[in-house]
Amino acid sequence: MAEKVMVKGNEAMGEAAVRAGCRLYFGYPITPQSELTEYMSRRLPEVEGTFLQSESEVAAVNMIYGAASTGTRVMTSTSSPGFSLMQEGISYIAGAELPSVFINVVRGGPGLGDIQPAQSDYFQGTKGGGHGDYHLIVLAPSSVQEAVDLVQLAFDLADKYRNPVLVLADGMLGQMMEPVEFPEFRDLNTLPDHSSWAMQGCEGREPHKITSFDIDPINLEKMNLGYQKKYREIEANEVRYETEMIEDAEYLLVGYGTMARILGTVVKMARNEGIKVGLFRPITLWPFPYKELESAAEGKKALLTVEMSMGQMVEDVRLAINGKMHVDFYGRTGGVVPTPEEVLRELKKIVERSE
Amino acid sequence: MSENILIAAGFGGQGVMLLGQILATAAMYDNKHSTWLPSYGPEMRGGTANCTVVISDELIGSPVTDSPGELIIMNIPSLLKFEPALKEDGLLILNTSVVDRAPQRKDVEVVKIDANKIAEEIGNTKISNMVMLGAYLEKTGAVTVESVEKALRKKLTGKKAALIELNLKAIEAGMKLARK
């Protein structure tokens, strides 16, 4: 077993990327994710990689576009306002079907907002953000160890599906320290071969073309149908979620990321008081575990979704439940993190109403 | 199951963040689960800097709390902010060198430590945080002293390595005081 180390979430995600074979990073510092940018600036030169601080997030995302065109593992990280600035480029990258990894350490919004943890970028991450019919694969870690694991997975999924992957964290996960075990370094020679499509020099062969553009609507529709076919495949293969004590539960809590681990404590506190409650935690926010949540909710008296937002994922929860039961929502926003005690009070209100 | 939920709070610069990191790292060396969560942002200037440390035998759910079981308080604003939240029968360790007022709560255990004075006697007021940590270790036994030493050696490297012995002395002094 590898030795455990105590690391900040931001730095842990950086090291995880390096171990996954990422050797290119372009980004611009922004709180509460700056430690990640800083870590990469120090770490990448040690492994013969390249770190470049761009003049803005708009520049960074287009550097990602260029680097990803060569089939090299590349990433950037930012926080909410910076991620908004990247949306145009992300839409292009999705259209050009390029593997790349984005980390958004979400903070309070909208606008400049503040620098405290939030989950109010769920819509932006899962429903588009930029223009056009595209999807990112969205992974939501709830601990520093899981952040490490999911950053690794993000690179593999990006390569497998030639699609940008977003790790949706939040300020708390970025700033907190927890013991983690890092995986071994990925042998760069074992990374997927992208020579069939990537820009790697065309001497002796037909040039490759990478673009999100076709002026002929019939052709552009064809391209889109291709993306959609890929998205259906991702939906069929890549849904990930976790449950806690749902078998005998009468009530179900639903949450993701940092909020979900707080809900884990709520489950324990509630059970100590005799309330039978379980937890459903989506790990992939896109593709969302609709069917899995629907069956987990079957026979429950009530369902409470909790988010650090005014209610975004709850829309997907309602789609999953499809009107079969009432879905309650509780959220705090602007960087306020609901405490277990606070959520327990909300849960008790629902229990009282349902008994 | 044993679980410790601590908030350590004071002015920025008093070393409450480092105190928390050392504690959480020591817990890891004791093969326990631990989380260290800092306050960051506007609170850091002038008011209170604080961190929440959770140590548990089990996987840790929430790294945040409304009701800590233990408080290490290094200044008056922190006392005002966190004293009401402390759990009944909780532990309140107070740096009386800085906090010149008595706590209001009668339902908690209060341990008063003249931490700055003791730190100065040992040789450096900057290690008042370690005096407080020593008192905390004595009172809670949350982690072993061996692991705290290991965590210090991991954290204080290079030029700072010379300060390890001083830090250990401060921890020892804090433990001694809390034993009284």
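All values derive from a computational prediction rather than experimental measurement.

**Considerations on the interface of chain A and chain B**
On the side of chain B, 23 residues touch chain A, which itself brings 26 residues to the contact. For the pairing of chain A and chain B, the buried interface totals around 1900 Å² over both sides, and the portion due to carbon and sulfur atoms is 62%. Summed over the three residues of chain A that lose the most area to chain B, namely Met6, Met177 and Arg261 of chain A, the buried surface amounts to 26% of that side. Remark: the boundary between chain A and chain B carries 1 salt bridge. Here chain A and chain B share 9 residue pairs in polar contact (both at pLDDT 80 or more) between them. Breaking the side of chain A that touches chain B down by element, the ones donating at least two residues are strand E1 (5-8), helix H8 (171-175), strand E8 (177-180), helix H10 (257-272) and helix H13 (340-354) of chain A. With 4 residues, the single largest contributor to the side of chain A that touches chain B is H10 of chain A. Split by residue class, the side of chain A that touches chain B holds 13 nonpolar, 5 polar and 8 charged.

**A few points about the sheet that holds strand E14 (residues 327-331) of chain A**
Residues and elements named next belong to chain A. Reading across from one edge, E9-E11-E10-E13-E14 is the order of the 5 strands in this open sheet, with mixed pairing throughout. Where the open sheet ends on each side, the last strands, each with one partner, are strand E9 (241-244) and E14. Between one strand axis and the next, the sheet turns through 20° on average, direction left out of account. Direction of pairing for strand E10 (residues 251-254) relative to strand E11 (residues 277-282): parallel, over a ladder of 4 bridges. When the sheet's bridge partners are listed, Leu253 is paired in E11 with Leu279.

**Examining the pairing of strand E5 (residues 100-106) of chain A**
Within a regular beta strand, the side chains point alternately toward one face of the sheet and then the other, so they alternate between its two faces. All names here are of chain A. Most of E5 sits inside the fold, with 7 of its 7 residues counted as buried. Every second residue of E5 is oriented toward a common face, with Ser100, Phe102, Asn104 and Val106 on one face and Val101, Ile103 and Val105 on the other, all of them buried. Bridge analysis of strand E4 (residues 74-78) against E5 gives 4 bridges, and the strand direction is parallel. Its bridge partner being in E5, Met75 is matched across the sheet by Val101. Judged from the 7 bridges that link them, E5 and strand E7 (residues 164-170) form a sheet pairing that is parallel. Across the sheet, Asn104 pairs through a bridge with Leu168, a residue of E7.

**So, the packing of H10 of chain A against H13 of chain A**
All names here are of chain A. Viewed as axis vectors pointing N to C, H10 and H13 meet at an angle of 60°, and their least axial separation amounts to 9 Å. Like other packed secondary-structure pairs, H10 and H13 cross with a definite hand, here right-handed. In contact with Met259, Ile262, Leu263, Thr265, Val266, Met269 and Ala270 of H10, H13 contributes Pro340, Glu341, Val343, Leu344 and Leu347. Its residues assigned to classes, the contact of H10 with H13 shows 10 nonpolar, 1 polar and 1 charged.

**What to know about the packing of aromatic side chains**
Residue and element names in this part refer to chain A. Taken as a whole and assessed by the stated rule, the structure comprises 7 aromatic pairs over all chains. When the centroid spacing of 5.6 Å and the interplanar angle of 10° are considered together, the rings of Tyr25 and Phe51 count as stacked. Residue Tyr25 is located in strand E2 (residues 24-27), and its partner Phe51 is located in strand E3 (residues 50-53); the two are separated by 26 residues in the primary sequence. For Tyr25, a relative accessible area of 0% puts it in the buried group. Aromatic pair Tyr122 and Tyr256: ring centres 5.6 Å apart, planes at 45°, arrangement tilted. Of the two residues, Tyr122 sits in helix H6 (residues 122-126) while Tyr256 sits in the loop between E10 and H10, which places them 134 residues apart along the sequence.

**Topic: the domain arrangement of chain A**
Residues and elements named next belong to chain A. Annotation of chain A at the domain level lists domain 1 (5-237) and domain 2 (242-354). For domain 1 and domain 2, the distance between their C-alpha centroids amounts to 28 Å. Opposite the 32 residues of domain 1 that make contact, domain 2 presents 25 residues. Both faces combined, the contact of domain 1 with domain 2 buries some 2400 Å², and carbon together with sulfur accounts for 55% of it. Put simply, domain 1 and domain 2 have 3 salt bridges between them. Counting across the domain 1 and domain 2 interface gives 16 residue pairs in polar contact (both at pLDDT 80 or more). Secondary-structure elements contributing two or more residues to the side of domain 1 that touches domain 2 are H6, strand E6 (137-139), helix H7 (144-161), E7, H8 and helix H9 (217-237). Here the side of domain 1 that touches domain 2 is composed, by residue class, of 17 nonpolar, 8 polar and 7 charged.

Conventions adopted
Residues numbered from 1 in each chain as written. Chains lettered and ligands numbered in written order. Predicted model: local features only at pLDDT ≥ 70, side-chain atom pairs only at ≥ 80, totals over all residues. Heavy atoms only, no water. Contact = heavy atoms within 4.5 Å. Buried area = accessible area lost by both parts, 1.4 Å probe. Salt bridge = Lys/Arg side-chain N within 4 Å of Asp/Glu carboxyl O. Polar contact = N/O pair within 3.5 Å; in protein donor to acceptor, adjacent residues only side chain to side chain. Helix = DSSP H or I, 4+ residues; strand = E, 2+ residues; numbered from the N terminus. Nonpolar A, V, L, I, M, F, W, Y, C, P; charged D, E, K, R; others polar. Pairing = 2+ DSSP bridges. Axes fitted to C-alpha atoms, helices over the stretch in contact; angles between N-to-C directions. Buried < 20%, exposed > 50% of the residue type's maximum accessible area, 1.4 Å probe, protein only. Left-handed = near helix turned anticlockwise from the far one by under 90°. Phe/Tyr/Trp six-rings, centres within 6.5 Å; stacked < 30°, edge-to-face > 60°. Domains from an automatic or database assignment.

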